[in-house]
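Residue-level structural notes
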Amino acid sequence: DSGLPVTAKFVPLKDIAAPDSTFLRSVVEACNMTKKYTVFETEMMQTLVEHKWNSYVEKMFFYHLKLDLAMVFFLTVDALTYKTVTNSDNHLAIKIVGHVPSII
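This write-up is about the structure you can find in this document. The model shown is predicted, which means the values in this text are computed figures rather than measured ones.

Rules of the game
Residues numbered from 1 in each chain as written. Predicted model: local features only at pLDDT ≥ 70, side-chain atom pairs only at ≥ 80, totals over all residues. Heavy atoms only, no water. Helix = DSSP H or I, 4+ residues; strand = E, 2+ residues; numbered from the N terminus. Buried < 20%, exposed > 50% of the residue type's maximum accessible area, 1.4 Å probe, protein only. Contact = heavy atoms within 4.5 Å. Areas by Shrake-Rupley, 256 points an atom, 1.4 Å probe, with all protein chains shown as cover. Expected span 1.5 Å × (residues − 1). Arc of directions from axis to C-beta. Patch = residues over 30% accessible without salt bridge, like charges linked within 9 Å, V, L, I, M, F, W, Y side chains within 5 Å. Salt bridge = Lys/Arg side-chain N within 4 Å of Asp/Glu carboxyl O. Phe/Tyr/Trp six-rings, centres within 6.5 Å; stacked < 30°, edge-to-face > 60°.

**What to know about the overall build of the chain**
Looking only at helices and strands, the chain features two helices and three strands. Counting helices and strands in the order they occur from the N terminus, the chain gives α-α-β-β-β. Split into buried and exposed, the 104 residues of the chain put 11% on the buried side. Once local pairs closer than 6 in sequence are excluded, the contacts in the chain between residues at least 24 apart make up 24%. Split by element, the accessible area of the chain, about 8800 Å² in all, is 65% carbon and sulfur.

**Brief notes about the environment of A30**
Tracing the sequence through the fold places A30 in helix α1 (residues 23-34). Assessed through its relative accessible area of 22%, A30 is described here as partly exposed. As for A30 and T7, which are separated by 23 residues in sequence, their C-alpha atoms are 9.6 Å apart.

**Here's the deal with α1**
Over its twelve residues, α1 runs 17 Å from end to end, which matches the ideal 16 Å to within 8%, given 1.5 Å per residue. Listed as buried for α1 are F23, L24, S26, V27 and C31. One side of α1 carries all its buried residues, which in axial view fall inside an arc of 160°. With respect to the buried face of α1, the exposed residues turned more than 90 degrees away are R25 and M33. The inward-facing, buried residues of α1 abut α2 (43-80). The first or second residue beyond α1 is K35, which carries a positive phi of 60°.

**Points about unusual backbone geometry**
A positive phi angle, close to 60°, is found at K35, a residue other than glycine. Assignment of secondary structure puts K35 in the loop between α1 and α2.

**Some thoughts on a nonpolar patch on the surface**
On the surface, W53, V57, F61, F62, L65 and L69 cluster together into a nonpolar patch covering about 520 Å² of accessible area. Looking at the element boundaries, L69 is found in helix α2.

**A closer look at the packing of aromatic side chains**
Applying the stated criterion across every chain, the model contains three aromatic pairs. Taking the centre distance of 5.8 Å and the plane angle of 50° together, the rings of W53 and F61 count as tilted. The class for W53 is partly exposed, based on a relative accessible area of 35%. By relative accessible area, F61 is classed as partly exposed at 43%. With a centroid separation of 5.2 Å and an interplanar angle of 70°, the aromatic rings of F73 and F74 are classed as edge-to-face. Within the aromatic cluster, the residues linked to one another by ring pairs are W53, F61 and F62.

Right, dumping it as C-alpha cells:
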C-alpha cells in the first residue's frame, strides 16, 4: 500500500488502433495525472504506438513537414526579394515582389 489516493479513469479499448481512437490520448492524460509514464515501456504500448505511426501518422507528419518547408522557402524568397522604393514627391512606399508590386 503506497498510501496514494486512487482515481478511476475510463479508458476505451474498442478499436484502440483506429485512426480516430482516443485510447492513447486517454493513456497520456492518465499518465499526466499520476506523473508516471512507465506504461509506455510495455511491449503492448510500444507496439500500438509503432502501428499507429506506420499506419498513418508518419504520412501525415511528412506531408505537413513538406508544407512547412515550402512555406519557409517562399517566405525566404519573399524576404530576399523585398525592395522598398520611395517616391520623393509623396513618400509612397512600394513593396516589389517579383513582378507584382503592392502599395504598403
